[in-house]
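Coordinate analysis (summary)
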Number of protein chains: 2
Amino acid sequence: MKLGQATIKDIARELNVSSSTVSRALKDYPGISDETKRKVKELAEKLNYRPNAVALSLRKSKSFTLGVIIPEVVHFFFSTVISGIEEVAYANGYNVILCQTNEKLQRELSSIDTMLANQIDGLLVSYSKETEEFSHFSKLMAQNFPIVFFDRVPEIENTVNVTVNDFQGAYDATKHLISQGYTSIAHLAGPKNLTISKKRMDGYQAALRDHGLEINPDWILPCPMGTQEESMKIIEKLYEKGGDFPNGFFASNDIAAAGAMMALKKLGYKIPKQVGVVGFSNWQFCSMIDPPLSTVAQPGFKMGEKATQLLLEMIDNKERSYDSTKTVVLETELLIRKSSVK
Amino acid sequence: MKLGQATIKDIARELNVSSSTVSRALKDYPGISDETKRKVKELAEKLNYRPNAVALSLRKSKSFTLGVIIPEVVHFFFSTVISGIEEVAYANGYNVILCQTNEKLQRELSSIDTMLANQIDGLLVSYSKETEEFSHFSKLMAQNFPIVFFDRVPEIENTVNVTVNDFQGAYDATKHLISQGYTSIAHLAGPKNLTISKKRMDGYQAALRDHGLEINPDWILPCPMGTQEESMKIIEKLYEKGGDFPNGFFASNDIAAAGAMMALKKLGYKIPKQVGVVGFSNWQFCSMIDPPLSTVAQPGFKMGEKATQLLLEMIDNKERSYDSTKTVVLETELLIRKSSVK
């Protein structure tokens, strides 16, 4: 499916006439032969031409404003992405307006309406945890409106994305725990509808498999909200259940990891002596808690920079169309602190 | 100085004629007597009437979008304010767009331009640390454009503000340290140009005075950036200087307090046994660090709610004018954790 729509230029090129001839033919202006009008209209129909798309892509007055839709501004990772976005935007004479969805689909939809009403030149998006259907983005792409997705890549075709290597990050974290002698490792997993959660889960499982360790389904602990309270409850419940207890935890986010550490300490476990813990993201607090938390650092600033560079290229390229998926994958870095070194 | 401008309605009321008569008289339309035209124009002159202000205040097509200008989205306090703003805005059918100034005046100026170009109905502002002159706000107020300032109140007349009782918060924190037996208390102070820094400093000094303790100018430690690194260096430098060393620290923000704790621990001090520490804001990490940090909690969510309620009232009130300063002061709450209890 080619989401990009034909423009007046495409029709003109195909028929070897001028753009203004096409434009006037489509509007049934006088001075154009009936034969030309018929050819233009037939081809327009065939190429799925929509005036709307052209209006957008040929719009002359740029607003020099980029819109950013983000789940939560307080999330340390997203705030570093915003800084990267602003750095490139301001350097190129663009302003940035942000909308926070608070992980709610309804707010995502109304944020897009607000942004478009405000005549932004392009959109940078990380969609909400509630978003499972992406037609509100496909519609914009069908009009050739410039969108770059970051961190969370939607399951539709021909998108432009910047993401981090979540699989490798999770693999590295789990492998590190194994190399430190923690061999029964549980995973505090993120929300199922996010690709990043699936990739972190895959990385965790691949590392276990590659090192000859069994995957225990009871130790895959869904922690969809990723809050401290949720993760504390999960650890306490697992403990109360009795039986084998993990000696390592890899959490798909730092707050869940910090919650796990609090619960483990409360239960009397020594970290890192008896249990090792690794998080994901490298929030500011990781180096401030006791013991300092090992984590997978994501290149948030770089992600913001790269996504904005791609978006500005799309804005500048009047001939743009969404004809293939383009994904830039940035590498993570494992930061080893005391929480996982025996 | 009355910043609010007269509207057509004001002139009509004063002269006991209809608004449309005033409007036509100002535009020199036929059908209005020369006498009436003269009276209208004289009064318009006298009342400092500007068509622009009227155009803005009588604008019929509302965008139902509120603009928020904020120094840093990653700051936990500001993120809770944003949540409060969004709660009230969405409940009333408004969307919210944010601009982050990153504490830079230049970005504040361009953010205001962007917001206005986007036809917001009103503005919520917490200005940057660099902002020492406020004409970019006075100009908007002179056109009767709805603005509410939160947290940081500018030094201009007739503003509408929501702030927290920073003096009392700082007083309570310092008094608490004294009551726990810490009697030589230093202050890690915020940037000088912010009223909140001055008020926290005043509260600290008043508590010392009221309890018969001397104010030691060497222990008023400027920490304008408020980062962990800055505060660590300040503590290390104070220690290297030799002589008396404080046994209590009240920091004007939590990150500086956390940095102080790290430096103190590194120097071998036991917290809270030998030194007590209290911060300001109640960032999420306060309960996660070791020992958990006592702090002054600011009602961020409530501040966002209140500021938005005031802004919506201004937007709905077509007769609004800036004729007096109106400041809502919200109370803080001292949260006592282990870092300050012997």
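The name an unreviewed UniProt entry assigns to chain A is Transcriptional regulator, LacI family, from the organism Belliella pelovolcani.

Let us look at the sheet that holds strand β12 (residues 333–335) of chain B. Residue and element names in this part refer to chain B. Here we have six strands laid out as an open sheet, ordered β7-β6-β8-β9-β10-β12, and mixed in their pairing. The open sheet has two free edges, formed respectively by β7 (220–222) and β12, since each of these has just one partner strand. Across the sheet, the mean angle from the axis of one strand to that of its neighbour is 20 degrees, orientation sign disregarded. Sheet analysis places strand β8 (residues 248–251) next to strand β9 (residues 276–281), joined by three bridges and oriented parallel. Its bridge partner lying in β9, Phe-249 is registered against Val-277. Lying on the sheet, helix α9 (residues 195–210) is in contact with β6 (185–189), β7, β8 and β9; it crosses β6 at an angle near 170 degrees. Sitting on the sheet, helix α10 (residues 228–240) touches β6, β7 and β8, and the angle it makes with β7 is about 140 degrees.

Turning our attention to the nonpolar core. Counting 94 residues, the largest nonpolar core has A:Ile147, A:Phe150, B:Ile147 and B:Phe150 as the members making the most contacts within it. If we skip the residues at most four places from it in the chain, A:Ile147 touches A:Leu123, A:Val125, A:Phe137, A:Leu140, A:Met141, A:Val160, A:Leu311, A:Met314 and A:Tyr322. One finds A:Leu221, A:Met232, A:Ile289 and B:Ile271 within the second-largest nonpolar core, a separate group that totals 58 residues.

Locating B:Ser111 in the fold gives a position in helix α6 (residues 105–117). The exposure class of B:Ser111 is buried, given its relative accessible area of 0%. Between the C-alpha atom of B:Ser111 and that of B:Leu98, which follows or precedes it by 13 residues, the distance is 9.1 Å. If sequence neighbours within four positions are ignored, B:Ser111 has contacts with A:Tyr90, B:Ile69 and B:Cys99.

On to the packing of aromatic side chains. Scanning all chains against the criterion turns up 22 aromatic pairs over all chains. A ring pair is formed by A:Tyr239 and A:Tyr269, whose centres lie 6.2 Å apart and whose planes are at 90 degrees; its orientation type is edge-to-face. Of the two residues, A:Tyr239 sits in helix α10 (residues 228–240) while A:Tyr269 sits in the loop between α11 (254–266) and β9 (276–281), which places them 30 residues apart along the sequence. Three or more aromatic residues link up through ring pairs in this structure, and these residues are A:Tyr239, A:Phe245, A:Phe249 and A:Tyr269. The aromatic ring of B:Tyr90 is capped on one face by A:Arg107, whose charged end is 4.1 Å from the ring centroid. Between the NZ or CZ atom of A:Arg200 and the centre of the ring of A:Phe280, over which it lies, the distance is 3.8 Å.

A few words now on the pattern of salt bridges. Pairing between side chains of opposite charge can happen when their charged atoms approach one another. Residues and elements named next belong to chain A. Throughout the structure, instances matching the rule amount to 20 salt bridges over all chains. The closest approach of N and O atoms between Asp-166 and Arg-200, which form a salt bridge, is 2.8 Å. In this pair, Asp-166 is assigned in helix α8 (residues 166–179) and Arg-200 in helix α9 (residues 195–210), connecting sequence segments 34 residues apart. For Asp-166, a relative accessible area of 1% translates into the label buried.

Conventions used here
Residues numbered from 1 in each chain as written. Chains lettered and ligands numbered in written order. Predicted model: local features only at pLDDT ≥ 70, side-chain atom pairs only at ≥ 80, totals over all residues. Heavy atoms only, no water. Pairing = 2+ DSSP bridges. Helix = DSSP H or I, 4+ residues; strand = E, 2+ residues; numbered from the N terminus. Axes fitted to C-alpha atoms, helices over the stretch in contact; angles between N-to-C directions. Contact = heavy atoms within 4.5 Å. Core = buried A, V, L, I, M, F, W, Y, C linked by side-chain atoms within 4.5 Å. Buried < 20%, exposed > 50% of the residue type's maximum accessible area, 1.4 Å probe, protein only. Phe/Tyr/Trp six-rings, centres within 6.5 Å; stacked < 30°, edge-to-face > 60°. Lys NZ or Arg CZ within 6 Å of the ring centre and 35° of its normal. Salt bridge = Lys/Arg side-chain N within 4 Å of Asp/Glu carboxyl O.

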